[in-house]
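# Structural characterization, general
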Amino acid sequence: MMKEQAKLVFSRPDKKIYHQDDKLVKVFEQQYSKADILNEALNHARVEETDLNVPKLQAVQVVDGKWAIVLDYIEGKTLQSLMDAHPEKEDEYLNLFVDLQMTVLSKKVPMLNKLKDKMQGKISATDLDATTRYDLHTRLDSMPKHTHLCHGDFNPTNVIITKDGTPYVIDWSHATQGNSSADVARSYLLFYLAGNKELGEKYLRLYCKKSDTAIQYVQSWIPIVAASRLVKANPEEVEFLRNWIGVVDYQ
C-alpha cells in the first residue's frame, strides 16, 4: 500500500510515479501489460550489471491491486531542467549529454532483445502502405548488425545530475542491443519532437564529431526510427514522423 506521505512526481494515463522515503515507486494502471512491466524490470536489472550509474531495482510488487516497480530514488535535477535554467551553459550540458550517451553505447548487454527485431515488428504494425513498409524493412535489414547497449529514449529528461555532479541514466524500459546510430537518430528526433530543432542539429553535429561518425550514416536511420515510433506516437507527432519517413535519400 502507498503511504500517505508518498509524493506524486509524474503522471500519465497508464502510470504514476511516486517518491516514497528513499524509493521511487512506478505504479502501472491495470490495463498495462504485465509482460511489458516485467520486461521493463528485467531490462533494468540487466543494465545494472554494467558499471553505468543507474538507480538500483529494489522490487517488483503489487501496490493497491496494481503492478509496480520499485527503484532507488536519485536525488538531483534532470539535465533538461538544468539546460532550461542555465541556457548560457548549453554547450557544457550538451557535451556532458553526448559523452554520457557515448559511454552508454560503449556497453554490451548480451541478454537484451535485439533492436532490429523490435523495429521490424513495429514497422509491420504501422498503418503505412505495403510499399513503404517493404522499403523500410529492406533498409533496416541492410544496416550493419551491432550489439551496443541502446537506451531507446535517451534525452535530457532521462538524465539526473546529483548534487556532486554524478549523472544517472533512468528509464530503461526501451533498452535493446543494436546499432549505436539508431539510438542517436532517435535522440535527434526527440529533440525535434520537444521543439528544440536547433539543439537537435547541434547535438547531431557534436555526437558525430566526437564519435567520428558520418552525419549521413545517422541520417539514414531517421526514416526507420521515425516509422518505429509511429505505432505509439501521440496524435500531434504523427504528421511530423510521417514527413521523416517520406524522406527517401539523404545522400
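I will try to describe carefully the structure that is included in this document. Note that the coordinates shown come from a computational prediction; the quantities given were computed from them, not determined experimentally.

### Structural notes on the sheet that holds strand 8 (residues 159–161)
As summarised here, the arrangement of the three strands in space is 6-8-9, forming an open sheet in which the pairing is antiparallel. Taken across any chain shown, the strands that pair with only one partner, and hence form the sheet edges, are strand 6 (77–78) and strand 9 (167–169). In the sheet, strand 8 pairs with strand 9 via three bridges, with the strands oriented antiparallel. Within the sheet, the bridge partner assigned to I161 lies in strand 9 and is P167. Across the sheet, helix 3 (residues 90–105) lies against strand 8 and strand 9, angled at about 50 degrees from strand 9, the strand it touches most.

### Structural notes on helix 10 (residues 235–245)
Within an α-helix, residues lying three or four positions from one another point in the same direction, as the helix has 3.6 residues per turn. Burial in helix 10 covers these residues: E237, L241, W244 and I245. Angular distribution of buried residues about the axis of helix 10 spans 95 degrees; they occupy a single face of the element. Pointing more than 90 degrees away from the buried face of helix 10 are the exposed residues P235, E236, E239 and N243. In this structure, the buried side of helix 10 is in contact with helix 5 (130–142), helix 6 (180–193) and helix 9 (222–230).

### With respect to the nonpolar core
Ranked by internal contacts, the top residues of the largest apolar core, which has 55 residues, are F97, L149, W172, Y203, W221 and I224. Sequence-distant contacts of W221, that is, excluding residues within four places in its chain, are made with M119, L140, M143, N179, S181, A182 and A185. If you look at the next biggest cluster of nonpolar residues, it comprises seven residues, including A6, Y18, V25 and V63.

### Observations regarding the side chain of Q80
Its location among the elements puts Q80 in helix 2 (residues 79–85). Ignoring anything within four residues of it in the chain, the contact list for Q80 reads P156 and T157.

### Some remarks on the pairing of strand 1 (residues 7–12)
Bridge count between strand 1 and strand 2 (residues 15–20): five bridges; the pairing is antiparallel. What sits directly across from K7, in strand 2, is H19. Between strand 1 and strand 2, which pair antiparallel one after the other, the connecting turn spans two residues.

Definitions and cut-offs
- Residues numbered from 1 in each chain as written.
- Predicted model: local features only at pLDDT ≥ 70, side-chain atom pairs only at ≥ 80, totals over all residues.
- Heavy atoms only, no water.
- Pairing = 2+ DSSP bridges.
- Helix = DSSP H or I, 4+ residues; strand = E, 2+ residues; numbered from the N terminus.
- Contact = heavy atoms within 4.5 Å.
- Axes fitted to C-alpha atoms, helices over the stretch in contact; angles between N-to-C directions.
- Buried < 20%, exposed > 50% of the residue type's maximum accessible area, 1.4 Å probe, protein only.
- Arc of directions from axis to C-beta.
- Core = buried A, V, L, I, M, F, W, Y, C linked by side-chain atoms within 4.5 Å.

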